[in-house]
Amino acid sequence: MCKRPFFNVIMGMFCIMCIMVVLIVYLDAKKLERPNIVFIIADDLGWNDVGFHGSDQIPTPNIDLLAQSGIALERYYTHCICTPSRSALLTGKYAHTTGMQGYPLTNGEDRGLPTTEKIMPQYFKDLGYATHLIGKWHVGISRTEFLPTVRGFDNHFGHRGGFIDYYEYTLEEEASYTENGPSKVSGMCLYRNLTPAWDVEGYITDVYTDAAKSIIESHEETKPLFLMVAHNAPHSGNDGALLQAPHEDVRSMRHVESPERRIYAAMVKKLDESVGDILEALYVKGILENTIIVFITDNGGMTSGPSVNYASNWPLRGLKMSPFEGGVRGVGLLWTSSLLPNHLWNGYIHVSDWLPTLLRAVGAEPPPNLDGLDLWKDIELNKPSSRKEMFEIDDYVGYASIISGDFKLVIGNVTKEYSNHQGWDLLGVIGASPLYEDNIRKSKTFSVLEKIGMPFDRTENILKNNNKVNCNVNENNDSDLCYPENDKLCLFNIKEDPCERRDVSQVYPELVMKLKKNLENEMAGMKPRTPIPMIRDPRSAPSLFNYTWAPFADDL
């Protein structure tokens, strides 16, 4: 009689163990079912620099085919500067809510994405993903706690700051201001995890592509893959060599009239080829059809001014570092082989939306209290976007904008040199542009799509024209543009007037009051950006770290 309760206890424990084993097996199976994610980021790519936006000048067949066979995001928005944009991507929050808005991080600045923020790779790591970052970081390098491998990435191979030389991997930065003008310091900025990558050779776009392919080839398929490839291209380099590309690629762009734009076109060509190479590697590995691919730019192109790269946002108004469409409306696409039907989606999507949207795409519940919205179902079903408003706030220059429905309100003070229409003069072609369809058929993506049963149909090649912005605008009629300053504000209907030529604030005074109130309410919750140091922190000098840019504030 006494043995029976003991037997029941043993059997109960056995049943609990069986349930736990089944649950573990089930959870592991669900983990393996999650799709892989490959997230590719271009740096300072212009709106008018890809074929699927209507350009005939720079061939981008691999990017175009992903847009053609996936989801082209007609209204993809970012922050207008790289550090804010990447901060919003990683956190799912507007940059101004984390203090990462405004002028981008310098390597000599003791600031980084707050470690209190949980970021994208950490979420995917919690879901069982192998997490890898190839390329640019640019959200904090002054302390080890800011670095990618401490923030959820299993490994990082790439540059930590804003850009690097395409062959020497150095970053040059102003040290201080003297009577003779600014002096500069330079240091190696390419790292393999925590170690300077002195052994690397080659053109950095190819180097990053090879690294991405290597990760894909060696990926252990017991885990799903999260791979972020954040290219240096086509960002400019150091002042002494702003534009760099292999000579043979520059010569292949001889139809581009502008000599500077010709080198830029070669840089974009190498970026596009990287996309094709990564797609092919996924196919060869046998995981392409269970992979979500995202391709975006971090902000608009820099047509002129400091760090010019001769990108063109034409006919959109403004450049990188401005709240106008050329600064914040960017290249974006989403691709899967089966999860989503291909279409042009014209709903609003902001860079902060990627975190909740991709979590939903892999079957996870997005966290609460984000600025980003889960838009997966909207995109999947080709429904209107759940996102109705977006904000751009810079307390360094002193401007702010709100997009609400069809309208954009801009207040404060903008940098006028970055806020007009530029880039028309870069679009000249000698003779004829390369045949679009020929480049499409020669691309690796074309071949891969055929192999997986998604062949390109020339009769469906309509995206190129449907996603083209048409405005009656030229660089000679910008004298009557509205520029906000002091108490003056500007309102644009960006659906009817995507080039922001006509201020309609006098036509809709009640709307102005409503949007201004919404914008001011948002600004009230802003975390101020820490003041930008007038000179580089002397503790960060590369000469103190074997001529590398390294963490310099760990002891504080």
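Here's a quick rundown of the structure. Throughout, a residue's number is its position along its own chain's written sequence, starting from 1. In keeping with the model being predicted, local features are shown solely for residues with a pLDDT of at least 70 and side-chain atom pairs are shown and tallied solely at 80 or more, while totals for entire chains, interfaces and linings include all residues. Side-chain measures were taken over the full set of non-hydrogen atoms in the model, leaving aside hydrogen atoms and water.

Moving on, we come to the side chain of Asn36. Position of Asn36 among the secondary structure elements: in strand β1 (residues 36–42). When checking whether two residues touch, look at their non-hydrogen atoms; a contact exists if any pair is within 4.5 Å. With residues near it in sequence (within four places) discarded, Asn36 still touches Tyr129, His219, Pro224, Leu225, Ile287, Asn290, Thr291 and Ile292. Put simply, DSSP marks the helices as runs of H or I at least four residues long and the strands as runs of E at least two long, and each gets a number from the N terminus on.

Disulfide: a covalent bond formed between the sulfur atoms of two cysteine residues. The disulfide definition used here is simple: a pair of cysteine sulfur atoms within 2.5 Å. For the structure shown, the criterion picks out two disulfides. The disulfide that involves Cys471 links it to Cys499, with 2.0 Å between the sulfurs. Residues Cys471 and Cys499 share a disulfide whose torsion about the S-S bond is about 85°; that sign makes it right-handed. Of the two residues, Cys471 sits in the loop between α13 (463–466) and β16 (490–493) while Cys499 sits in the loop between β16 and α14 (509–524), which places them 28 residues apart along the sequence. Here Cys471 falls in the partly exposed class, since its relative accessible area comes to 25%. Judged by its relative accessible area of 0%, Cys499 falls in the buried class. Buried residues are those whose accessible area, probed at 1.4 Å on protein chains only, stays under 20% of the maximum for their type, while exposed residues exceed 50% and partly exposed ones sit between those limits.

Working definition: the strands of a sheet are paired by backbone hydrogen bonds and lie parallel or antiparallel to each other. DSSP-based pairing: two strands are paired if at least 2 bridges between them are found. Overall, mixed pairing links the ten strands, which are arranged β8-β7-β4-β3-β9-β1-β10-β11-β2-β12 in an open sheet. Sheet topology places β8 (195–196) and β12 (343–350) at the edges, where each strand pairs with a single neighbour. The axes used here are C-alpha line fits, helices contributing only the stretch in contact, and every angle between their N-to-C directions lies in the interval 0 to 180 degrees. Against the sheet, helix α9 (residues 354–361) engages β1, β2 (71–77), β10 (291–297), β11 (332–335) and β12, with an angle of about 165° to β10.

Time to look at the sheet that holds strand β14 (residues 399–404). Taking strand neighbours across the sheet as the criterion, the four strands line up as β13-β14-β15-β16 in an open arrangement whose pairing is antiparallel. Because the sheet does not close on itself, it has two edges, and the strands there are β13 (389–394) and β16. When the angles between neighbouring strand axes are averaged without regard to direction, this sheet yields 10°. Bridge count between β13 and β14: six bridges; the pairing is antiparallel.

Here we take up the layout of surface pockets. Only protein atoms enter the 1 Å grid, on which a cavity is a set of points fitting a 1.4 Å probe that cannot get out and a pocket is an open set with protein on both sides within 12 Å along at least 5 of 7 lines, lining residues being those with an atom within 4 Å of a point. Grid points are joined across faces, edges and corners, and a volume is the space filled by probe spheres set on the points. In this structure, the largest pocket spans a volume of roughly 1100 Å³. Lining the largest pocket are 42 residues, and of these Tyr103, Thr106, Glu173, Glu174 and Ser307 lie nearest its centre. Ranked by residue count, the leading element in the lining of the largest pocket is strand β5 (residues 170–178), at seven residues. Classification convention: Asp, Glu, Lys, Arg as charged; Ala, Val, Leu, Ile, Met, Phe, Trp, Tyr, Cys, Pro as nonpolar; all other residues, Gly among them, as polar. Classifying every residue of the lining of the largest pocket by side-chain character gives 21 nonpolar, 13 polar and eight charged.

To continue, consider unusual backbone geometry. Residue Pro234 is bonded to the preceding Ala233 through a cis peptide linkage, with omega at -5°. Tracing the chain through its elements places Pro234 in the loop between β9 (225–230) and α6 (247–251). Of note, the amide linkage connecting Trp314 to Pro315 takes the cis form, showing an omega dihedral of 0°. Considering the arrangement of structural elements, one finds Pro315 in the loop between β10 and α8 (325–328). For Asn369, which is not glycine, the phi dihedral falls at a positive 65°. Residue position: Asn369 is located in the loop between α9 and α10 (376–380). For Asn369, a relative accessible area of 71% corresponds to the exposed category. For Asn486, which is not glycine, the phi dihedral falls at a positive 50°. Position of Asn486 among the secondary structure elements: in the loop between α13 and β16.

Considering the arrangement of structural elements, one finds Ser352 in the loop between β12 and α9. On the basis of relative accessible area, Ser352 is assigned to the buried category, the value being 0%. The residues contacting Ser352, other than those within four sequence positions of it, are Ala88, Gly92, Lys93, Tyr94, Asp371, Gly372 and Arg387.

Take the pairing of β14 next. By the criterion of burial, β14 is predominantly enclosed, with six of the six residues buried. Hairpin connection, β13 to β14: the antiparallel pair is bridged by four residues, and Gly398 has positive phi, about 110°. For β14 and strand β15 (residues 407–412), the ladder comprises six bridges, and the chain directions are antiparallel. Pairing of Ser404 across the sheet is with Phe407, part of β15. Remark: two residues form the turn of the hairpin made by β14 and β15, two consecutive strands paired antiparallel; Gly405 in that turn has positive phi of roughly 60°.

Close approach of charged atoms lets side chains of opposite charge pair. Salt bridges are identified by distance alone: a Lys or Arg side-chain nitrogen within 4 Å of an Asp or Glu carboxyl oxygen. The full count for this structure, using the stated rule, is 32 salt bridges. For the salt bridge of Lys444 with Asp277, the shortest nitrogen-to-oxygen distance reads 2.6 Å. Of this pair, Lys444 sits in helix α12 (residues 444–451) while Asp277 sits in helix α7 (residues 259–285), and the two are 167 residues apart along the sequence. You can call Lys444 partly exposed: its relative accessible area is 34%. The class of Asp277 is buried, set by a relative accessible area of 17%. The structure contains a network of salt bridges with shared partners spanning Asp206, Asp249, Lys269, Lys270 and Glu273.

Quick look at the pairing of β1 now. For a regular strand, side chains alternate in direction, first toward one face of the sheet and then toward the other. In terms of residue burial, β1 counts as a mostly covered element, since seven of its seven residues are buried. Neither face of β1 is left uncovered, since the one carrying Asn36, Val38, Ile40 and Ala42 and the one carrying Ile37, Phe39 and Ile41 both have all their residues buried. With seven bridges connecting them, β1 and β10 associate as parallel partners. If you follow Ala42 over to β10, its bridge partner there is Thr297. The pairing of β1 with β9 spans five bridges and is parallel. Looking at the pairing, Ile37 lines up with Phe226 of β9.

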